[in-house]
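These are the residues of each chain, in order.
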Amino acid sequence: MDRPRIVLGVGGGIAAYKACELLRRLTESGHEVRVVPTAAALHFVGEATWSALSGAPAATEVWERVHEVPHVRLGQEADLVVVAPTTADLLAKAATGLADDLLTNTLLTARCPVVLAPAMHTEMWEHPATQQNVATLRGRGVLVVEPAVGRLTGVDTGKGRLPEPEELALLCRRVLARGTAALDADLAGRHVVVSAGGTREPLDPVRYLGNRSSGKQGYALARTAVARGARVTLVSANVSLPEPAGARVVEVGTAEELREAMVKASAEADAVVMAAAVADFRPAARASQKIKKRDGVAPEPVALVRNPDVLAELAAGRPAGQVVVGFAAETENVLAGGRAKLASKGCDLLVVNQVGERRTFGSEENEAVILDADGGEEAVPHGPKEALADRVWDAVLRRLPPRDAG
Ligand code: CTP
């Protein structure tokens, strides 16, 4: 039997179908995954699907292959156990230590990080019994993901959805990279505000001036801050990525809208990170009707006016103790340019990266230097955007005043 690295437990809920996509993402990124569906999960997605997607038989029974002692080995040998979806029943069993099937046995024998992604109806999630089980599990160091808000089975909507598989896969990757440090809630009790994406400045009802920011770095910052226990407001400009579970998302379009949302959200925040690409200019006029071409007539030039510098404004008006972080993409003189920008914007930290062809925009990876206002400089090697996000939060934490000192 190959040594499993990730155990994917699947509970009996309709969201089991999303676990197929999570499994595909985990195996495609090179992880070895053993799937452990509960008997109820097999009513939703059958054994053949799990085996085909994982390339190994799904482990379902304590009484199968008894000589391999699967109820002990699977948990002992895993580097990560993730259960998606986790039903209310599974949360209760995990919290009380019940072990009446292979998955619950695996949870008891696992000594690696455990991630539980609950999915259930809002009433079940909000029930004091469930909430108490979640608190118990979190108190023991289990990472219980906040369910997403949205459409549930049937016509209901509310909190209780399984976060998107892409989100869960990224979370698993982060936990594997950081080990149990990924479970530290060192931002607990903190409110952080992150901007992400790129603003669009309308020319007319159908056209805009925009940029190529994908929002991935800002979303990685939001996701990691949630995982570290922070209350997160994500001001998102034109991003087509799944919402990071547990963050409050405020959608904006233009630089003006972004400014308004950021000023409002950051008034009482502990840290503000401007990862969005904000357009420095906007068309001086927005045509109320679509601009038409006319044969033989030269197009009108587009007159531009300056947009507010949101980062500089936030830095200038920040309350005592708030840490303000900017991002800068430079094509040349990266460090000198970054230092000058840090000073002119007046922020505490500036994350500088070099952009150019095929670098940074839209990619999953990033490489940067974190400059601080006291002259410090920390190079973050090429790696996943979550890894850079974690280093940014580490740097923010070093500058935050201790909680009690306000
Ligand atoms: N930024 C902002 N408001 C703007 C422009 C930029 O808040 N109108 C923020 C970005 O979110 C980023 C930082 O400022 O955190 C640096 O952005 P960058 O575009 O590199 O800086 P600019 O001041 O626009 O400098 P440049 O002349 O190099 O474009």
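Residues numbered from 1 in each chain as written. Predicted model: local features only at pLDDT ≥ 70, side-chain atom pairs only at ≥ 80, totals over all residues. Heavy atoms only, no water.

A few points about the state of the cysteines
- In this structure the tally under the stated criterion is 0 disulfides.
- There is no disulfide at Cys-172, and the cysteine sulfur nearest it, in Cys-112, is 11 Å away. (Disulfide = S-S within 2.5 Å.)

What about the domain arrangement of the chain?
- In terms of domain boundaries, the chain breaks down into domain 1 (5–183) and domain 2 (191–401).
- At the interface, 12 residues of domain 1 touch 14 residues of domain 2.
- Regarding the contact of domain 1 and domain 2, the summed buried area is about 1,100 Å², with carbon and sulfur atoms giving 54% of it.
- The interface formed by domain 1 and domain 2 includes 3 salt bridges.
- A salt bridge links Glu-386 to Arg-173; the shortest N-O distance between them is 3.0 Å.
- Inspection of the domain 1/domain 2 interface yields 3 residue pairs in polar contact (both at pLDDT 80 or more). (Domains from an automatic or database assignment. Contact = heavy atoms within 4.5 Å. Buried area = accessible area lost by both parts, 1.4 Å probe. Salt bridge = Lys/Arg side-chain N within 4 Å of Asp/Glu carboxyl O. Polar contact = N/O pair within 3.5 Å; in protein donor to acceptor, adjacent residues only side chain to side chain.)

Let's talk about a nonpolar patch on the surface
- A surface patch of nonpolar side chains, amounting to about 330 Å² of accessible area, comprises Leu-209, Phe-281, Val-302 and Leu-304.
- For Leu-209, the position within the fold is in strand E10 (residues 207–209).
- On the basis of relative accessibility, which here comes to 32%, the residue Leu-209 falls in the partly exposed class. (Patch = residues over 30% accessible without salt bridge, like charges linked within 9 Å, V, L, I, M, F, W, Y side chains within 5 Å. Areas by Shrake-Rupley, 256 points an atom, 1.4 Å probe, with all protein chains shown as cover. Helix = DSSP H or I, 4+ residues; strand = E, 2+ residues; numbered from the N terminus. Buried < 20%, exposed > 50% of the residue type's maximum accessible area, 1.4 Å probe, protein only.)

Quick look at the site of the ligand
- Around the ligand, a shell composed of 14 residues is seen, among which Ala-276, Asp-280, Leu-311, Lys-341 and Lys-345 lie nearest.
- Separating an oxygen atom of the ligand from a backbone N or O atom of Ala-276 is a distance of 2.7 Å.
- Here a nitrogen atom of the ligand and a backbone polar atom of Pro-308 are 2.9 Å apart.
- Compared with its free state, where it exposes 570 Å², the ligand has 74% of that area covered by protein.
- Of all the elements in the fold, those that place two or more residues in the shell around the ligand are helix H12 (310–316), strand E16 (323–330) and helix H13 (334–345).
- Per element, the largest residue contribution to the shell around the ligand is 3 residues, and it comes from E16.
- Residues belonging to the shell around the ligand are distributed by class as follows: 9 nonpolar, 1 polar and 4 charged. (Near = heavy atom within 4 Å. Nonpolar A, V, L, I, M, F, W, Y, C, P; charged D, E, K, R; others polar.)

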